[in-house]
Amino acid sequence: MELAIKNRIAPTTQNFLTPKPKVKSLRVFSVKCITSLSSSDVAATGVADRPWKTSDARLVLEDGSVWSAKSFGARGTQVGEVVFNTSLTGYQEILTDPSYAGQFVLMTNPHIGNTGVNFDDEESRQCFLAGLVIRSLSISTSNWRCTKALGDYLLERNLMGIYDVDTRAITRRLRQDGSLIGVLTTEESKTDEELLEMSRSWDIVGIDLISGVTCTGPYEWVDKTDPEWDFNCEGRGDIYHVIAYDFGIKHNILRRLSSYGCKITVVPSNWPASETLKMKPDGVLFSNGPGDPSAVPYAVKTVKELLGNVPVFGICMGHQLLGQALGGKTFKMKFGHHGGNHPVRNLVANRVEISAQNHNYAVDPASLPKGVEVTHINLNDGSCAGLAFPALNVMSLQYHPEASPGPHDSDSVFGEFIKLMKEVKQKASAEISVTVKKRW
Ligand SMILES: NC(=O)CC[C@H](N)C(=O)O
């Protein structure tokens, strides 16, 4: 099965903090594997035929390194940006997070696949990422929720995966040199040089990836967090209508809002602000989403048009769009933040929260106008992790309070959004009653 090479565009280094090294020669890294008992390449699942499967895939990075690997899932050739994720668990939620569109996710946890996949952990309708890179694929699956092996799941979704790769070495390279574009292939006919050329003539910067993952039309969302697993249940009661812009929204954002008492209408990324205002929502959520936030001016325009008219909450891509709408700039980080163990200082509550993160871009706080407050700081690198502009009822986080996967330390921010909507609503009805009294 051949996978199409997506978005072949001229390379650009826009937004890179450090120039990417361009190494002319190819270097081949192969992992020692037990030699083949049968040279025929059997099932692509990578489970049934282990440990006798031999290397049948290559990952070629744009820095000229070639990594020999074993494939599981779909076969073919795929290009993407390689990012490493430090989460210990939750690979299914990571695979279904639409913010990974166009990227290969390399898991630093060496053992993946042991819990299989299940019905509950889907974070969107599809897998949008380019592929999965892991060190070791579990030879068995064991979990009470498991319905399928990881390899079968990838195959079903036409998604490439490789294992028996030195993920530590690649991670060190990404940390040192910054994110790298790579090409993954199972096709023997393609030479290393061809794949290198392919990786160097593709880039993820400047491309609107949101339009490929957003929903096609508005819909109502009703699912809540399973009551057996729910937490932070205090003080819920009033119903607030929230319009959620789907820039690649994760289901758990919707579940958490719903559990906190919101009636939710999800709208596509190009939904006009005027239509949103006609629906008279109590609040608007701008979701997470893939790619370069400066490549979607239409979304920034929508955010701008809504500012000041309704309380708004931005998560990740939503935070970056808000940053731009407020007059700030976003930039590409060296290798981003991807994982469930990022310490964040919440400057409002004066506490440290361990958070789930997945982003390659960030808002430059120095570019923001007066009145915009930095409310959260990533303690690993001091980057901006949250904003507020009280004058316009704006709040945002650069990371994922809904977790899935990840810690729940920041879940209470959904309660803060409810509080903001409540305050604005009460103020508005107090103003109306004053006006009515005056008229009488
Ligand atoms: N999770 C997200 O919303 C990611 C935001 C943006 N695409 C980035 O990589 O920075």
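Heads up: the structure comes first, above all this text.
Residues numbered from 1 in each chain as written. Predicted model: local features only at pLDDT ≥ 70, side-chain atom pairs only at ≥ 80, totals over all residues. Heavy atoms only, no water.

Visitor: It is not clear to me how the site of the ligand should be interpreted in this structure. Could you clarify?
Guide: Taken together, 13 residues lie around the ligand, and Gly289, Gly291, Asn358, Asn360 and Tyr361 are the ones closest in. The side chain of serine 99 places a nitrogen or oxygen atom 3.0 Å from a nitrogen atom of the ligand. Protein contacts shield 98% of the accessible area of the ligand, which totals 300 Å² for the unbound molecule. Within the residue set of the shell around the ligand, elements represented by two or more residues are helix H8 (317-325) and strand S17 (351-364). With 4 residues, the top contributor of residues to the shell around the ligand is S17. Classifying every residue of the shell around the ligand gives 4 nonpolar, 9 polar and no charged. (Near = heavy atom within 4 Å. Polar contact = N/O pair within 3.5 Å; in protein donor to acceptor, adjacent residues only side chain to side chain. Areas by Shrake-Rupley, 256 points an atom, 1.4 Å probe, with all protein chains shown as cover. Helix = DSSP H or I, 4+ residues; strand = E, 2+ residues; numbered from the N terminus. Nonpolar A, V, L, I, M, F, W, Y, C, P; charged D, E, K, R; others polar.)

Visitor: Just to check I follow, could you spell out unusual backbone geometry for this structure?
Guide: Where the residue is not glycine, phi is negative for most of them; where a peptide bond is considered, it is trans in most cases. Here the amide bond leading from serine 404 into proline 405 is cis, since omega sits at 0°, within 30 degrees of zero. The topology assignment puts proline 405 in the loop between strand S20 (394-397) and helix H9 (413-439). Despite not being glycine, aspartate 164 shows a phi value in the positive range, around 60°. A positive phi angle, close to 50°, is found at lysine 280, a residue other than glycine. Looking at where lysine 280 falls in the secondary structure, it is placed in the loop between helix H6 (273-278) and strand S14 (283-286). Judged by relative accessible area, lysine 280 falls into the exposed class, the value being 68%. (Buried < 20%, exposed > 50% of the residue type's maximum accessible area, 1.4 Å probe, protein only.)

Remember that the coordinates give geometry; whether it matters functionally is a separate question.
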